[in-house]
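The primary structure of each chain is shown beneath.
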Amino acid sequence: MVFDWFKKVSKDYPKFWENYLENFEQEPDELQPKRYVVFDCETTGLDHRKDVILSIGAVAVIDNAVIVNDSLELFLKQDLYKSETASIHGILKEGKEEKIVEAEAIIRFLEFIKNSTLVGHNVNFDIEMINQALKRLEVGKLKNDSMDTDAMYKKFKGLQEDQHSTLDELCKILKVEKSDRHTASGDAFITALVFLKLKKRLDIK
């Protein structure tokens, strides 16, 4: 009787989600260096309840290096598109980039990140954008640990919680050269360089 009730209330998740969750069931290999994934989402706006993802850029950081050949860049097809934001991110609705549907993009993102620690500047916003897309796929939320470069800098400098720094400000302070700013892949790479400098200063392995 109890087993029958459990079968009724339990949910059969799609294979991609089961595969993602399996990454967190494995015991960590102490001999393998920790993998971080620095990522950024370009979006139609800043309201995670209404706006959607235009593109995702991600790159791995292992030890003290950005692993350029371990990276991901995705452009999403758009039903919702705000032309007024194109001047910022440069993504046109019918641009030359190969675009895929949101579901495929999210599945490929999960396959890329596995159980890595996610890193971003104001990373909670990007995580919430991914979580909203996961909600539309009727699965759970991201399980990965995360680190925020803004929070890391505050810890390094002993700043108050409400003292925030933009990515541009951190680049200037830490002498990080900017390229492809306001593209998902460009911002992910820039943030990865900022992360490496803060990681070293905070003695994070």
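Residues numbered from 1 in each chain as written. Predicted model: local features only at pLDDT ≥ 70, side-chain atom pairs only at ≥ 80, totals over all residues. Heavy atoms only, no water.

**Student:** Sorry if this is basic, but what is going on with the pairing of strand β5 (residues 117-120) here?
**Tutor:** Here is the key point about a regular strand: its side chains alternate between the two faces of the sheet. Side chains Thr-117 and Val-119 of β5 all project onto a buried face; the interleaved residues Leu-118 and Gly-120 project onto the opposite face, where all are buried too. Where strand β1 (residues 35-43) and β5 come together, three bridges link them in parallel fashion. Bridge pairing in β5 places Val-37 opposite Leu-118. Here β5 runs beside strand β6 (residues 146-148); their pairing, made up of three bridges, is parallel. Along β6, the bridge assignment pairs Val-119 with Met-147. Handedness of the β-α-β unit built from β5, helix α5 (residues 123-136) and β6 comes out right-handed. (Buried < 20%, exposed > 50% of the residue type's maximum accessible area, 1.4 Å probe, protein only. Helix = DSSP H or I, 4+ residues; strand = E, 2+ residues; numbered from the N terminus. Pairing = 2+ DSSP bridges. Right-handed = clockwise from strand over helix to strand, strands pointing away.)

**Student:** In this structure, what is going on with the packing of aromatic side chains? I would like to understand it.
**Tutor:** Think of a pair of aromatic rings as described by two things: how far the centres are apart, and how the planes are tilted against each other in angle. For the structure on display, the rule yields four aromatic pairs. Relative to Phe-24, the ring of Tyr-20 has its centre 5.2 Å away and its plane inclined at 75°; by these criteria the two rings are edge-to-face. Taking relative accessible area as the criterion, Tyr-20 reaches 2% and is therefore assigned buried. Judged by relative accessible area, which is 32%, Phe-24 ranks as partly exposed. Each ring, one from Phe-39 and one from Phe-109, has its centre 5.3 Å from the other, and the planes form 50°; the classification is tilted. One end of the pair, Phe-39, is in strand β1; the other, Phe-109, is in helix α4 (residues 102-113), with 70 residues separating them in the sequence. For the residue pair Phe-39 and Phe-109, the accessibility class agrees, reading buried in each case. Among the aromatic residues, those joined into a cluster by ring pairs are Trp-17, Tyr-20 and Phe-24. Above the plane of the ring of Tyr-36 lies Lys-34, whose end atom (NZ or CZ) is 5.3 Å from the centre. (Phe/Tyr/Trp six-rings, centres within 6.5 Å; stacked < 30°, edge-to-face > 60°. Lys NZ or Arg CZ within 6 Å of the ring centre and 35° of its normal.)

**Student:** Please explain the pattern of salt bridges as it appears in this structure.
**Tutor:** Opposite charge on two side chains allows them to pair when their charged atoms are near. On inspection of all chains with the given rule, the structure shows eight salt bridges. For Glu-104, the salt bridge goes to Arg-108, with nearest N and O atoms at 3.8 Å. Placement of the pair is Glu-104 and Arg-108 together in helix α4, with a separation of four residues, close to one helical turn. Its salt-bridge partner being Asp-168, residue Lys-178 comes within 2.9 Å of it at the nearest N-O pair. Here Lys-178 is found in the loop between α7 (167-174) and α8 (184-201), whereas its partner Asp-168 is found in helix α7, with 10 residues between them in sequence. (Salt bridge = Lys/Arg side-chain N within 4 Å of Asp/Glu carboxyl O.)

**Student:** Help me out: how do you make sense of the nonpolar core in this one?
**Tutor:** For soluble globular proteins, nonpolar side chains are generally found buried alongside one another. Counting 28 residues, the largest nonpolar core has Phe-39, Leu-110, Ile-113, Ile-130 and Leu-142 as its most contacted members. Going through the elements one at a time, α2 (15-22), β1, β2 (53-62), β3 (65-76), α4 and α5 are the ones with two or more residues in this core. If we ignore the near neighbours within four places in the chain, the residues touching Leu-142 are Tyr-20, Leu-110, Ile-113, Leu-118, Ile-127, Ile-130, Asn-131 and Leu-134. Counting 20 residues, the second largest nonpolar core, distinct from the first, contains Val-38, Val-59, Met-147 and Leu-167. (Core = buried A, V, L, I, M, F, W, Y, C linked by side-chain atoms within 4.5 Å. Contact = heavy atoms within 4.5 Å.)

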